[in-house]
Amino acid sequence: MKFIRSLLPVLVVWVLAGCATAPISPPSPVETAALAVLASDAGLREKARAGQELGDFGGPASVPALAALLGKEHLADYARSGLEGIKDPSAGAALRAALPTLEGRYLAGAVNSLGVRRDVAAVPALQKLALDSKAGAAEAAIASLGMIATPAAAKTLQEILTNGPLALRVPTAHAALVAAEHLARNGNTAGARAVLNAVVRALPPGHLATAANDKVAALSGASGAPARR
Amino acid sequence: MKFTRRQFLKTTAVVLGVPTFIPASALGRDGTVAPSNRIVVGGIGLGPRGREVLKAFLGQPEVQFVMIADVQETRREVVRVMANRHYGNQDCVKTRDMYEVLARPDIDAVVIATGDRWHALLSILAAKAGKDIYCEKPCSMTVRESQELADAINRYGRVFQAGTQRRNVDNFRFAAQLALSGRLGKIHTVHAGILPLEESFKWLPEQPEPARDVVDWDRWLGPAPWRPYNKDYVNGRWRGYFDFHGGAALPEWGAHTVDLCQWAANADDTTPVAYEADGQTIYGRYANGTKLVMRLSGFKGEGNWVAPGTCPVRFEGDEGWIEAADTGKVAVSSPKLLEGGAPATMPGTDPTKHVRDFLNCVKSRAKPAGNADITRRGHIISHAASIGWRLGRKVEFDPVTETFVNDADANRMCSRARRSPWHA
């Protein structure tokens, strides 16, 4: 059963690759060589380096091979390095598909990579993980929601700040500050203000609430805040 | 109502029913600094260079160094003994876990001098914890980390000082200010000394991992990719490896010398718009035409520099030039440029004035010389230039978006995945 679950992301990526309408350029010689290393019985160091090279030079053809490593000890983070670098949407799809198959630091790693990629399609899965105290990736999911910062992601952060467990309020406040910056940059000042006000309401006075207050003031056109005591 | 530490001491004494005798030293009346004015400092990862910086901190009267975190037992013990000997007590606490330093509410500021792989992430975590930060250079492994670091410092309103102490060393300051004064004429070229560019992807042979209390290898690696343990890494020989030393080693000295060139070119708010490597020399060009030349200046005297010492810089205008390097001296195109007096001589490695600048800013909340915004751009330049060198071709860079122009390959090299579970 575990074996079948580990194959799930690879199968999903194959299906998605088959559905892709855009023409896929053939792999470069560097990519071909790196993929050959991953498919071989080469040692850890060689496979690790291949994962990094695919982050620099890999394309959609590399995604299945990298996705298959997301739960592998010592190689999972190299695979993430590859998948974070590949801009093709299939890399995000592979990370999303892997989520149900991963645990512990491997799950947290994939969640973080989705945040770094600002993978909008991952928001529903991240919302679930953020509210799942047993999966062990709630804080990573919250941070990624802050990085992705769609209105839906920001709303989840507000919800956790208002009604979520006390232990998650500080990490959620950090994520909310990041989300507010993205929202404001995209012109959604109302959304930014709402998430910042949720931080102020949820936390006692301190540097986090002050940071949120300063950002609210900045959104209102006040000058930039100086460094604070 | 706010309680000061002094009021707390008096009130506690009354509540406990003890005489309200408070020694003059506690109130700062014997030349010592009163507790309310002290800056409580913790350290993370203080090896040989970190201990040099620590000496400068211990020499400042308002500093109270209270805690050291290091993944190596020998190093944390050396620092604990050093602090306790300085204060004549046994108060300095040591720990393997850097998160314990960040969690202490009484600590105002942290000194971070781990290897480069931890610098940005720890600085960001410290900012999130509400600490001010003095962080050794290079402060980032990638373009993206340089951005994340500065964004976090600004987000939380923290005081940040990169360990780019040459901004506060007399001869370097003199050289930059001479360039800015116009006495060299219009500045057309600035030169930054760098170490040989290198990227090794090798792994040293695997050795048995020590007990975690002796060396915590997992923590030593932190956000860097996993590889098997070898004692050489933890003994300081981690430089030159791609996973531990960002920017092909260019930021090692570029953090200082490129940063000084930025200052002298009056370009602290921008970056060059193009980079092109020719062997071990990288040529940058600013939008206004000023050239930035990053060229070798190793310990063997490469590069035909005039000013003696490591980390040299040279600023050229159409009416003269000046060079400065680590011996504390300057060389100039004409003695007339020194008519107002040559700068005092201090070694370029001396962090004392830089630490003083940081502490002044911790109190005033002003920005120090090596603040996060200046560090962001200086480091981005080093990383961007090294990416051009890696690709072996000219790359163009947009200083506003801080991305390469129409260059997907170069943009992919701007970030690296952090090893789980460490994330900002």
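1. Some points on the pattern of salt bridges
Residue and element names in this part refer to chain B. In total, this model carries 43 salt bridges over all chains according to the counting rule given. Of the charged contacts in the structure, one is a salt bridge between Arg158 and Asp132, with a shortest N-O distance of 3.4 Å. Of the two residues, Arg158 is situated in the loop between helix H7 (143-156) and strand E6 (160-162) and Asp132 in strand E5 (residues 132-135); the sequence distance between them amounts to 26 residues. You can call Arg158 buried: its relative accessible area is 7%.

2. Notes on the interface of chain A and chain B
Counting from both sides, the interface comprises 38 residues of chain A and, opposite them, 32 residues of chain B. Carbon and sulfur atoms make up 50% of the area that chain A and chain B hide from each other, which totals about 3100 Å². The interface formed by chain A and chain B includes three salt bridges. On inspection of chain A and its partner chain B, the count reaches 17 residue pairs in polar contact (both at pLDDT 80 or more). With nine residues, the top contributor of residues to the side of chain A that touches chain B is helix H3 (residues 44-57) of chain A. A class-by-class count of the residues in the side of chain A that touches chain B yields 16 nonpolar, ten polar and twelve charged.

3. Here we look at the nonpolar core
With 109 residues, the main nonpolar core has Val111(A), Ile133(B), Phe160(B) and Trp220(B) as its most contacted residues. Setting aside anything within four residues of it in sequence, one finds Ile133(B) in contact with Val110(B), Ile112(B), Ser123(B), Ala126(B), Ala127(B), Ile153(B), Val159(B), Phe160(B), Gln161(B) and Phe358(B).

4. Thoughts on unusual backbone geometry
At the junction of Lys137(B) and Pro138(B), the peptide bond is cis and its omega measures out at -15° in the coordinates. Here Ser420(B) and Pro421(B) are connected by a cis peptide whose omega angle stands at 10°. By secondary structure assignment, the location of Pro421(B) is in the segment after helix H14 (408-412). Phi angles above zero are rare outside glycine, and Ala149(A) is one such case at about 55°. With respect to the element layout, Ala149(A) can be found in the loop between helix H9 (138-148) and helix H10 (151-163). For Asn266(B), which is not a glycine, the phi torsion comes out positive at approximately 55°. Mapped onto the secondary structure, Asn266(B) falls in the loop between helix H11 (250-264) and strand E8 (274-278).

5. Here's the deal with the sheet that holds E5(B)
Strands in a sheet are paired, the pairing made by backbone hydrogen bonds, and the direction either parallel or antiparallel. All names here are of chain B. In spatial order, the strands read E3-E2-E1-E4-E5-E6; together these six strands make up an open sheet with parallel pairing. The two strands at the open ends of the sheet, each matched to only one other strand, are strand E3 (93-95) and E6. Sheet twist, expressed as the mean angle between neighbouring strand axes with direction ignored, is 20°. Packed on one face of the sheet, helix H12 (residues 352-364) meets strand E1 (39-44), strand E2 (63-69), strand E4 (109-112), E5 and E6 and runs near 170° to E5.

6. So, the sheet that holds E8(B)
Residue and element names in this part refer to chain B. Read from one edge of the open sheet, nine strands run E13-E12-E11-E7-E10-E9-E8-E14-E15, paired in mixed fashion. Each edge of the open sheet carries a strand with a single partner, namely strand E13 (330-332) and strand E15 (403-404). Both E8 and strand E9 (residues 281-285) contribute to a ladder of five bridges, which runs antiparallel. By the bridge assignment for E9, Asp278 is matched with Thr281. Together, strand E7 (187-194), E9, strand E10 (291-296) and strand E11 (313-317) form the strand contacts of H11, whose direction differs from that of E7 by roughly 160°. Lying over the sheet, helix H13 (residues 372-391) contacts E8, E9, E10, strand E14 (395-398) and E15, oriented at roughly 155° with respect to E14.

7. Some points on the packing of aromatic side chains
Within this structure, the stated rule accounts for 15 aromatic pairs over all chains. Between Phe57(B) and Tyr134(B), the aromatic rings sit 5.5 Å apart at their centres with planes inclined by 90°, giving edge-to-face as the arrangement. With a gap of 77 residues between them, Phe57(B) in helix H3 (residues 48-58) and Tyr134(B) in strand E5 connect regions that are remote in the sequence. The pair formed by Phe57(B) and Tyr134(B) is uniform in burial state, with each residue classed as buried. Pairing Tyr134(B) with Phe358(B) gives two aromatic rings, centres 5.9 Å apart and planes at 75°, and the pair type is edge-to-face. Of this pair, Tyr134(B) sits in strand E5 while Phe358(B) sits in helix H12, placing them 224 residues apart in sequence. Owing to a relative accessible area of 0%, Tyr134(B) belongs among the buried residues under this scheme. For Phe358(B), a relative accessible area of 0% puts it in the buried group. Taken together, the ring pairs connect Trp217(B), Trp220(B), Tyr229(B), Tyr233(B), Tyr241(B) and Phe244(B) into an aromatic cluster. Over the ring of Phe201(B) we find Arg49(A), and its NZ or CZ is 3.5 Å from the ring centre.

8. Some points on the state of the cysteines
Residues and elements named next belong to chain B. Within this structure, the stated rule accounts for zero disulfides over all chains. Here Cys135 is not cross-linked by a disulfide; its sulfur's nearest cysteine counterpart is in Cys139, at 4.4 Å. Judged by its relative accessible area of 0%, Cys135 falls in the buried class. Here Cys261 is not cross-linked by a disulfide; its sulfur's nearest cysteine counterpart is in Cys311, at 11 Å.

9. Concerning helix H8 (residues 123-130) of chain A
Residues and elements named next belong to chain A. Taken residue by residue, H8 has Val123, Leu126, Leu129 and Ala130 as its buried positions. Down the axis of H8, the smallest arc covering the buried residues is 120°, so these residues share one side. Where H8 is buried, its residues meet helix H7 (104-116), H9 and H10.

10. Section: the environment of Asp119(A)
Residue and element names in this part refer to chain A. Summarising the element assignment, Asp119 is placed in the loop between H7 and H8. The exposure class assigned to Asp119 is buried, which follows from its relative accessible area of 9%. For the pair Asp119 and Ser144, spaced 25 residues apart in the sequence, the C-alpha separation amounts to 9.1 Å.

11. Looking at the confidence of the model for chain B
Across chain B, the average pLDDT comes to 93, with 92% of residues at or above 70. The complex model carries a pTM of 0.92, and its ipTM stands at 0.89.

12. What to know about the pairing of E7(B)
Along any regular strand, the residues point their side chains to alternate faces of the sheet. Residues and elements named next belong to chain B. Taken across its eight residues, E7 has seven buried, putting it largely inside the fold. In this structure, E7 lies alongside E11, joined through five bridges in antiparallel fashion. The residue of E11 that forms the bridge with Ile187 is Gly317. Judged from the six bridges that link them, E7 and E10 form a sheet pairing that is parallel. Within E10, the residue paired with Thr189 across the bridge is Lys291.

13. Re the side chain of Arg80(A)
Within the fold, Arg80(A) resides in helix H5 (residues 76-85). A polar side-chain atom of Arg80(A) sits 2.8 Å from the main-chain carbonyl oxygen of Gly109(A). Excluding residues within four positions of it along the chain, Arg80(A) makes contact with Leu70(A), Gly109(A), Ala110(A), Asn112(A), Ser113(A), Ala417(B), Arg418(B), Arg419(B) and Ser420(B).

14. Some remarks on the environment of Gly146(A)
All names here are of chain A. Note that Gly146 resides in helix H9. Given a relative accessible area of 0%, Gly146 falls into the buried group. For the pair Gly146 and Lys72, spaced 74 residues apart in the sequence, the C-alpha separation amounts to 27 Å. Those residues in contact with Gly146 that sit more than four places away from it in its chain are Leu157, Ala175, Val178, Ala179 and His182.

What counts, and at which threshold
Residues numbered from 1 in each chain as written. Chains lettered and ligands numbered in written order. Predicted model: local features only at pLDDT ≥ 70, side-chain atom pairs only at ≥ 80, totals over all residues. Heavy atoms only, no water. Salt bridge = Lys/Arg side-chain N within 4 Å of Asp/Glu carboxyl O. Helix = DSSP H or I, 4+ residues; strand = E, 2+ residues; numbered from the N terminus. Buried < 20%, exposed > 50% of the residue type's maximum accessible area, 1.4 Å probe, protein only. Contact = heavy atoms within 4.5 Å. Buried area = accessible area lost by both parts, 1.4 Å probe. Polar contact = N/O pair within 3.5 Å; in protein donor to acceptor, adjacent residues only side chain to side chain. Nonpolar A, V, L, I, M, F, W, Y, C, P; charged D, E, K, R; others polar. Core = buried A, V, L, I, M, F, W, Y, C linked by side-chain atoms within 4.5 Å. Pairing = 2+ DSSP bridges. Axes fitted to C-alpha atoms, helices over the stretch in contact; angles between N-to-C directions. Phe/Tyr/Trp six-rings, centres within 6.5 Å; stacked < 30°, edge-to-face > 60°. Lys NZ or Arg CZ within 6 Å of the ring centre and 35° of its normal. Disulfide = S-S within 2.5 Å. Arc of directions from axis to C-beta. pLDDT = per-residue confidence, 0-100.

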